[in-house]
Amino acid sequence: MEQLALTAGRELEHATAEEILTWASETFGARWCVTSSMEDAVVAHLASRVQPGIDVVFLDTGYHFAETIGTRDAVAAVYPVNVITLTPRQTVAEQDAEYGPRLHDRDPDLCCALRKVAPLATSLEGYDAWATGLRRDDSPERADTPVVGWDAKKRKIKISPIARWDQDQVDAYILEHGVLTNPLLMDGYASIGCEPCTRRVAPGEDARAGRWAGRAKTECGIH
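Presented here is a report on the structure given in the accompanying data block.

### A look at the sheet that holds strand 2 (residues 55–59)
So, point 1. One open sheet accounts for six strands, arranged 3-2-1-4-6-5; its pairing is mixed. Each end of this open sheet is capped by a strand with a single partner; those strands are strand 3 (82–86) and strand 5 (148–151). Put simply, the sheet's adjacent strands are angled 30° from each other on average, direction ignored.
So, point 2. Across the face of the sheet, helix 1 (residues 2–11) comes into contact with strand 5 and strand 6 (156–159) while running at roughly 155° to strand 5.
So, point 3. Relative to strand 3, helix 4 (residues 66–78) is tilted by about 150°, and along the sheet it contacts strand 2 and strand 3.

Structure follows, in structure tokens:
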């Protein structure tokens, strides 16, 4: 599987997003899925055109904005996809009882591990591959994202069909196809995560500056 990922990454580097997802569909059949934070539905929309009924996995951490939950519900209602909502082992109240309130303020890495990383790892056990909306222009840490790569921790093939896109291309696709987007994108949020750890960005700030603001943390640990 690792060699398959590396070979496909090289061969599909200059392929379109649709071609990359078509390769995924032909290679994995029902054993791949899309993961979505419901910031927008671009990858879910792309995948639904290639493989109607594709599983779209959403992590409900218990800390999401109401707008994010609304976007998930709209995607499930509008597109020919199977939205699967994952929840952590503990509710927020149960986590608070064990670790103390507002763990996200005191140890955001542990909070992300409990509420994002662990449930996703469990969910992906039934798949050989997963598609994400990662883009190289998201952050310096993502600049080398392959369109198809090997996730050594999960032992899965990781597909990033829009890795080479920039924001203008994303916006153009959304406009052309009327793709659903999270309303918070129009309210000063450039990157949307859990409500306690996300703020609006100021003009000129990096798109991910609003995530875990004031901390060195830039990723939740999923990627």
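### Observations concerning the packing of helix 5 (residues 92–99) against helix 7 (residues 108–123)
So, point 1. Where helix 5 contacts helix 7, the axes come no closer than 12 Å and their chain directions differ by 140°. By the criterion of interaxial angle, the relationship of helix 5 to helix 7 is oblique. Judged by the sense of rotation from one axis to the other, the crossing of helix 5 with helix 7 is right-handed. Along the contact surface, helix 5 presents Val-92, Gln-95 and Tyr-99, while helix 7 presents Leu-110, Cys-111, Leu-114 and Arg-115.
So, point 2. Its residues placed into classes, the contact of helix 5 with helix 7 shows five nonpolar, one polar and one charged.

Quick notes on the rules
- In every chain, residue numbers begin from 1 and rise along the written sequence.
- Per-residue local features of the predicted model are confined to residues with pLDDT of at least 70, and side-chain atom pairs are confined, for both listing and counting, to 80 or more; whole-chain, interface and lining totals are unaffected and use all residues.
- Values shown for side chains rest on all heavy atoms present in the structure; no hydrogens or waters enter the calculation.
- Here, strands pair whenever DSSP counts at least two bridges between them.
- Here a helix means four or more residues in a row that DSSP labels H or I, a strand means two or more in a row labelled E, and each is numbered from the N terminus.
- Fitting a line to C-alpha atoms yields each axis, with helices limited to the stretch in contact; the angle taken between N-to-C directions then spans 0 to 180 degrees.
- What makes two residues a contact is simply this: any of their non-hydrogen atoms within 4.5 Å.
- Comment on the angle field: the value is read as roughly parallel under 35 degrees, roughly antiparallel over 145, roughly perpendicular from 65 to 115, and oblique elsewhere.
- Whether a crossing is left-handed or right-handed is set by the direction in which the near helix is turned from the far one by less than a right angle, anticlockwise for left-handed and clockwise for right-handed.
- Side-chain classes follow a simple rule in which Ala, Val, Leu, Ile, Met, Phe, Trp, Tyr, Cys and Pro form the nonpolar group, Asp, Glu, Lys and Arg form the charged group, and the remainder, Gly included, forms the polar group.

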